[in-house]
Amino acid sequence: MHMIRRLFMYVIGLVVILVLGAYALPREVTVKRGVVIDAPVETVFLLVNSLKRMSGWSPWIGRDPAIKLVFSGPDAGVGATMGWSSVMEQVGNGTQEITQSIVNARVESRLVFGQMRPSVAVFDLTTEELGTRVEWSLISDMGMNPVGRWMGLMMDRWIGPDFETGLAHLKAQAETR
């Protein structure tokens, strides 16, 4: 009986440490990847400022041939909105709306994935000697949930490779235009 009680106390102690430790982790998590594209900034901007065009190089949309996309608002820029619905867990359901568009410099959008907190996706564009540098970022608020905070440690590993794939597709499209 003494052994069971001791084991129980260790388990409770571990849970307390994990919960309290979660609050030492950052609430906001950023995943960022970049690439230099051998194309003018105007060409790249057209591809990231339109959700319809973005669907052609997105690393997620191509995963589900049966994905349902719904576009609303303007074709590009602030207010352009895309909703998606997929039975595939890796794609899921959600919406994306462009909330800021600075010509040839920046596109920011609000992403909502199912029941998760909204995230912010940002494309920063800068002209370089070899073309256009694209920095793609995802900023997510992990909230006060300890499990969410621990999951935040995995975001770069989960999403980073998809960003790299998407940027490779974007590069290929922009450089063939």
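Before any of the text, the structure's been laid out above.
Draft legend 1. Looking closely at the sheet that holds strand β7 (residues 131–141). Read across the open sheet, the 7 strands follow the order β1-β7-β6-β5-β4-β3-β2; overall the sheet is antiparallel. Unpaired on one side and paired on the other, β1 (28–37) and β2 (68–72) mark the two borders of the sheet. Strand-to-strand, the axes of this sheet are offset by a mean angle of 20°, without reference to chain direction. The sheet strands contacting helix α2 (residues 41–48) are β1, β4 (93–102), β5 (106–113), β6 (119–128) and β7, and the helix crosses β6 at an angle near 165°.

Draft legend 2. Looking closely at the nonpolar core. Core analysis: the largest hydrophobic core is formed by 35 residues, its most contacted members being I37, V44, W57, F123, V134 and L170. Contributions of two or more residues to this core are made by β1, α2, α3 (51–54), β3 (81–85), β5, β6, β7 and α5 (155–175). At 6 residues, the largest contribution of residues to this core is made by α5. Excluding anything up to four places from it in sequence, I37 contacts V44, L130, G131, T132, V134, L170, K171, A174 and E175.

What counts and how
- Residues numbered from 1 in each chain as written.
- Predicted model: local features only at pLDDT ≥ 70, side-chain atom pairs only at ≥ 80, totals over all residues.
- Heavy atoms only, no water.
- Pairing = 2+ DSSP bridges.
- Helix = DSSP H or I, 4+ residues; strand = E, 2+ residues; numbered from the N terminus.
- Axes fitted to C-alpha atoms, helices over the stretch in contact; angles between N-to-C directions.
- Contact = heavy atoms within 4.5 Å.
- Core = buried A, V, L, I, M, F, W, Y, C linked by side-chain atoms within 4.5 Å.
- Buried < 20%, exposed > 50% of the residue type's maximum accessible area, 1.4 Å probe, protein only.

The quantities given are spatial measurements derived from coordinates; they are silent on function.
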